[in-house]
Amino acid sequence: MLIQSTFSAKGAPHAIVSLGKPLEAGAPHVIWAHGWGQDHRAFQALAVSLERAAHHTLIDFPGFGQSPVPPETGHGGIWDTADYADAVAEWLGTLPRGKRIWVGHSFGGRVGLRLAARHPDVLDGMVLVGSHGLKPIRSLMARLKIFLRVRTFKALKLLEKLGVDVSARKAKYGSADYRNAGGMRPVFVKVIGEDQSEAIKAIRIPVRIICGALDDQAPPEMSERMGRLIPGATVSILPGLDHYTVLSDGGPQIAHTVAKLLEGQG
């Protein structure tokens, strides 16, 4: 049975959905953390498939799903992944302690990495799926294209301030996530500029990294670098899958990995 509720941390309401075993001392607890632009439904089917193995919480991060945009009380005002991680740690500190596994896709992986690095005692394992968290390695040509797009976009914004209608041209620039971010755009801009390559070296819990071989948003090379930086981490690259099909077609692999961590065999 799915139970909807809310917790508040760092002044931000977080909508959650819970299912599975009762959350009591000693009970295993899996926290499912969605990617950018998604909500708890991204992982709901997988959580249901493991319902008997643990208590499960599926989070709507502030600014997504049923959770409102976070207040400007973060580091420098706008929230970053440290703020999201600190809020989760605050909430976890109020709950009975059992084995805790974090499962994060994309943005949820960013938050999980920050959580494990900043609050080393709150988690016991982590599964990262198509996770961001490091700066991508780009060719010289790719970096040049990005530079030119940024300069052009800034020029269009200047023309806009001068009263020139450039809305049609502006719409062609920026990623789909940026264009669709709405009130979350300042958070998006702050988050995508982060590089956790130094911080994650301190993570000491078991980390299992899963990535689609065709993922062009969090490419396999990023997962492989992440695996080399986190002590003891393992990396699985799933052929034929991309950033989103890894959640569906790669679901059995994710569920199997979570189950093994719960059993202490990960």
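Let me sum up the structure you'll find in this document. Fair warning: this is a prediction, and the values are worked out from it, not measured in the lab.

**Remarks on the overall build of the protein chain**
Thinking step 1. Of regular secondary structure, the protein chain possesses 10 helices and eight strands.
Thinking step 2. A total of 266 residues make up the protein chain; the buried ones form 49% of that total.
Thinking step 3. Long-range pairs, those at least 24 residues apart, make up 73% of the contacts in the protein chain with a sequence separation of at least 6.
Thinking step 4. In the form shown here, the protein chain has an accessible surface area of approximately 12,500 Å², with 56% of it arising from carbon and sulfur atoms.

**Observations concerning helix 3 (residues 107-118)**
Thinking step 1. When the terminal C-alpha atoms of helix 3 are compared, their 17 Å separation across 12 residues agrees well with the 16 Å that a helix rising 1.5 Å per residue should span.
Thinking step 2. In terms of burial, helix 3 is a largely internal element, 10 of the 12 residues being buried.

**Considerations on the sheet that holds strand 7 (residues 207-212)**
Pairing between the strands of a sheet comes from backbone hydrogen bonds, and it takes one of two forms, parallel or antiparallel.
Thinking step 1. An order of 1-2-4-3-5-6-7-8 is seen for the eight strands of this open sheet, with the pairing classed as mixed. Edge positions in the open sheet fall to strand 1 (3-9) and strand 8 (234-238), since each of these has one partner strand only. The sheet shows a mean angle of 20 degrees between the axes of neighbouring strands, taken without regard to direction.
Thinking step 2. Pairing of strand 3 (residues 29-33) with strand 4 (residues 55-60) involves five bridges; the strand directions are parallel. By the bridge assignment for strand 4, valine 30 is matched with histidine 56.
Thinking step 3. Sitting on the sheet, helix 3 touches strand 3, strand 5 (100-105) and strand 6 (125-129), and the angle it makes with strand 5 is about 140 degrees.

**Side note on the nonpolar core**
Thinking step 1. Counting residues in each nonpolar core, the largest one holds 46 residues, and the members touching the most others are Phe61 and Trp102.
Thinking step 2. A total of seven residues in this core trace back to one element, the largest contributor, which is helix 2 (residues 81-92).
Thinking step 3. In this structure phenylalanine 61 touches Ala33, His34, Ser67, Tyr84, Val88, Trp102, Phe107, Gly108 and Val111, once residues within four positions along its chain are discounted.
Thinking step 4. Residues Ala54, Leu58, Val246 and Leu262 belong to the second largest nonpolar core, which totals 25 residues.

**Concerning the pattern of salt bridges**
Thinking step 1. Throughout the structure, instances matching the rule amount to seven salt bridges.
Thinking step 2. Put simply, aspartate 39 and arginine 41 hold a salt bridge, and the shortest N to O gap is 2.8 Å.
Thinking step 3. The buried category is assigned to aspartate 39, whose relative accessible area is 11%.
Thinking step 4. The exposure class assigned to arginine 41 is exposed, which follows from its relative accessible area of 59%.
Thinking step 5. Where arginine 225 meets glutamate 221, a salt bridge forms, and the shortest distance between an N and an O atom there is 2.8 Å. Of this pair, arginine 225 and glutamate 221 both sit in helix 8 (residues 220-229), four residues apart, which is roughly one turn of the helix.
Thinking step 6. Judged by its relative accessible area of 24%, glutamate 221 is partly exposed.

**What to know about unusual backbone geometry**
Thinking step 1. Here the phi dihedral of lysine 10 falls at roughly 55 degrees; this positive angle occurs in a residue that is not glycine.
Thinking step 2. With respect to the helices and strands, lysine 10 occurs in the loop between strand 1 and strand 2 (12-20).
Thinking step 3. The backbone of serine 106 shows a phi angle near 55 degrees, a positive value even though the residue is not glycine.
Thinking step 4. For serine 106, the location among the structural elements is in the loop between strand 5 and helix 3.
Thinking step 5. Classification of serine 106 by relative accessible area gives buried; the value is 5%.

**Concerning the packing of helix 2 against helix 3**
Thinking step 1. Two elements in contact, helix 2 and helix 3, have axes whose closest approach is 8 Å; the angle formed by their N-to-C orientations is 65 degrees. With respect to each other, helix 2 and helix 3 are oriented roughly perpendicular. Two packed elements cross with a definite hand, and for helix 2 against helix 3 that hand is right-handed. Of the residues in helix 3, those in contact with Thr81, Ala82, Tyr84, Ala85, Asp86, Val88, Ala89 and Leu92 of helix 2 are Phe107, Arg110, Val111, Arg114, Leu115 and Arg118.
Thinking step 2. Taken together, the residues of the contact of helix 2 with helix 3 sort by class into nine nonpolar, one polar and four charged.

**Things to note about the packing of aromatic side chains**
Thinking step 1. For the coordinates displayed, the defined rule picks out 11 aromatic pairs.
Thinking step 2. Seen in terms of ring centroids, tryptophan 32 and phenylalanine 43 are 5.2 Å apart; in terms of plane orientation they differ by 50 degrees. Their pairing is tilted. With tryptophan 32 in strand 3 and phenylalanine 43 in helix 1 (residues 41-49), this residue pair connects regions lying 11 residues apart in the sequence. Across the pair, phenylalanine 43 and tryptophan 32 agree in class, each one buried.

Reading the values: rules and limits
Residues numbered from 1 in each chain as written. Predicted model: local features only at pLDDT ≥ 70, side-chain atom pairs only at ≥ 80, totals over all residues. Heavy atoms only, no water. Helix = DSSP H or I, 4+ residues; strand = E, 2+ residues; numbered from the N terminus. Buried < 20%, exposed > 50% of the residue type's maximum accessible area, 1.4 Å probe, protein only. Contact = heavy atoms within 4.5 Å. Areas by Shrake-Rupley, 256 points an atom, 1.4 Å probe, with all protein chains shown as cover. Expected span 1.5 Å × (residues − 1). Pairing = 2+ DSSP bridges. Axes fitted to C-alpha atoms, helices over the stretch in contact; angles between N-to-C directions. Core = buried A, V, L, I, M, F, W, Y, C linked by side-chain atoms within 4.5 Å. Salt bridge = Lys/Arg side-chain N within 4 Å of Asp/Glu carboxyl O. Parallel < 35°, antiparallel > 145°, perpendicular 65-115°, else oblique. Left-handed = near helix turned anticlockwise from the far one by under 90°. Nonpolar A, V, L, I, M, F, W, Y, C, P; charged D, E, K, R; others polar. Phe/Tyr/Trp six-rings, centres within 6.5 Å; stacked < 30°, edge-to-face > 60°.

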